[in-house]
Each structure stands twice: as structure tokens, then as C-alpha cells.
Amino acid sequence: IRYERYMTQLQAHTAVTQRVLFPEAVQLTAAEMVAMERLMPELTNIGFELTDLGHGCYAINGVPTGVEGLKPELLLSNMIADALSQGGDSVADLQKTLALSLARNAAIPQGQVLGNAEMEDIINELFACSNVNYTPDGKAILSILPQHDIEQLLG
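Because the structure is a prediction, the values reported are computed rather than measured. Residue indices follow the written sequence of each chain, beginning from 1 at its first position. Given that the model is predicted, a residue must reach a pLDDT of at least 70 before its local features are reported, and side-chain atom pairs must reach 80 or more before they are shown or counted; all residues, however, enter totals for whole chains, interfaces and linings. Only hydrogens and water are set aside when side-chain values are computed; all heavy atoms of the structure are taken into account.

**Notes on the overall build of the chain**
Strands are runs of DSSP state E lasting at least 2 residues, helices are runs of H or I lasting at least 4, and numbering of each runs from the N terminus. Along the backbone of the chain there are six helices and three strands. Listing each helix as α and each strand as β along the chain from the N terminus yields α-β-α-β-β-α-α-α-α. Overall size of the chain, expressed as C-alpha extent along the three principal axes, is 65 × 35 × 30 Å. Partly exposed describes any residue whose relative accessible area lies between the buried limit of under 20% and the exposed limit of over 50%, with all areas from a 1.4 Å probe on protein chains only and scaled to the type maximum. The proportion of buried residues among the 155 residues of the chain is 31%. A contact between two residues is defined here by any heavy atoms of the two lying within 4.5 Å. Within the chain, residue pairs in contact and separated by at least 24 positions form 66% of the contacts whose partners lie at least 6 positions apart. With the model as given, the accessible surface of the chain reaches about 9,700 Å², and the carbon-plus-sulfur share is 55%. For every accessible area listed, the method is Shrake-Rupley and the probe measures 1.4 Å; residues are considered covered only by the protein chains on display.

This is the structure:
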């Protein structure tokens, strides 16, 4: 759900930035600095507001909406690491990598208790997605079990 939302924002350049009250500084390695030069336009398009402080240090002045409660410097570092590990050169590959990384980091934690309305909203959003069967990286989201299998599982 979040992946498709972030991809739409990246492609349409419509991301909303939530400014942070106290900017966080992140120090990058040489390899991360090179990656940052490539990623900067896409990071801006997805909702980050960054200022180059020089010597591989960046100030995080704003983050995409919906990532409240996450540490901005850790989120940015994870996204840069994912982009480095994927190594895509095209803009489309970078967008997919950044959207997937941000979606993973901003996902509802496993085991978090949700109310009925929240669960219903998630299911409705899922079925509004273009691909309801698989995650962007190919993992199954849902399975249909025949009645016989359900009876065996419930014993």
C-alpha cells in the first residue's frame, strides 16, 4: 500500500514534507556521498528536505509525511544503503528502490494491535492497489485456502 503511494508521489512530484522542529545531522561515508548526489532529486521528490553542510554532512530539515516516530537519520541511512545495494542506474530503478525502502521502514510493525476500523481501512486500501497478491519484491500477500485445507488445519 505504502509502496504504491510513494511511487505515485515520486512520479507525480507531489510528496508532502513534514518539517522537523530540530534538524538532525547525518554524516555520510565517501560512497554514500556519491550515492547521495544521484539520490538527492528523488529524495526531494519523495518528501525529504536536506541541506548540504559540507564534508559529507547533511542536515535533515524535513521528512515525508507518514514517517512520524522514525529516526530521520536512521531512515535516510537505510534508504541510501538500500540504493547502494540495489545499484540501479536509471531513474525508474532509483524510484522503485527508494519507495520500497521507505515503505519497509514506515510499515506498521508486526504485532501492533489495530482496531477494527484500522484493519478495515488497510484491507480496503490493499484491494485498491494495482497488485493485491504480491509485495513489490515478490512475496505473497494473501492466499486462498480450499475448505478442505481449512478443516484439516482446524482439526
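**Thoughts on the sheet that holds strand β1 (residues 17-27)**
Strand pairing in a sheet is mediated by backbone hydrogen bonds. Such pairs are either parallel or antiparallel. Here, a strand pair is defined by DSSP locating no fewer than two bridges between the strands. Taken together, three strands build an open sheet; the order of strands is β1-β3-β2 and the sheet is antiparallel. The open sheet is flanked by β1 and β2 (49-54), the only strands paired with a single partner. Strand after strand, the sheet turns through a mean of 15° between neighbouring axes, direction not considered. Pairing of β2 with strand β3 (residues 57-64) involves five bridges; the strand directions are antiparallel. Paired with Asp52 across the strands is Tyr58, a residue of β3. Helix axes are fitted to C-alpha atoms over the stretch in contact, other axes to C-alpha atoms as well, and angles between N-to-C directions run from 0 to 180 degrees.

**Things to note about the nonpolar core**
The set of buried Ala, Val, Leu, Ile, Met, Phe, Trp, Tyr and Cys residues whose side-chain atoms join them within 4.5 Å is what this entry labels a nonpolar core. Membership of the largest hydrophobic core comes to 29 residues, with the highest contact counts inside it found for Tyr6, Met36, Leu39, Leu43, Phe48 and Leu76. For this core, the secondary-structure elements that each account for two or more residues are α1 (2-12), α2 (30-46), β3, α3 (72-86) and α4 (91-106). In terms of residue count, α4 provides more of this core than any other element does, seven residues in total. Once you skip the residues sitting within four places of it in the chain, Leu39 turns out to touch Ile80, Ala83, Leu94 and Leu98.

**Overview of the environment of Arg104**
Relative to the helices and strands, Arg104 is located in helix α4. The class of Arg104 is partly exposed, set by a relative accessible area of 48%.

**Points about the side chain of Asn61**
Tracing the backbone shows Asn61 in strand β3. Of the polar contacts made by the side chain of Asn61, one reaches the side chain of Thr51; its length is 2.6 Å. If sequence neighbours within four positions are ignored, Asn61 has contacts with Arg19, Val20, Pro23, Glu49, Leu50 and Thr51. Nitrogen and oxygen atoms within 3.5 Å of one another constitute a polar contact, given that in protein one can donate a hydrogen and the other can accept it, and given that sequence-neighbouring residues count only through two side-chain atoms.

**Comments concerning a nonpolar patch on the surface**
A cluster of nonpolar side chains, Ile123, Phe127, Ile141, Leu142 and Ile144, forms an exposed patch at the surface whose accessible area comes to about 500 Å². Positionally, Leu142 belongs in the loop between α5 (116-127) and α6 (147-154). The class for Leu142 is partly exposed, based on a relative accessible area of 32%. Two distance rules govern patches: like charges are joined within 9 Å, and nonpolar side chains (Val, Leu, Ile, Met, Phe, Trp, Tyr) within 5 Å, applied only to residues with over 30% relative accessible area and no salt bridge. Put simply, a salt bridge is a Lys or Arg side-chain nitrogen that is within 4 Å of an Asp or Glu carboxyl oxygen.

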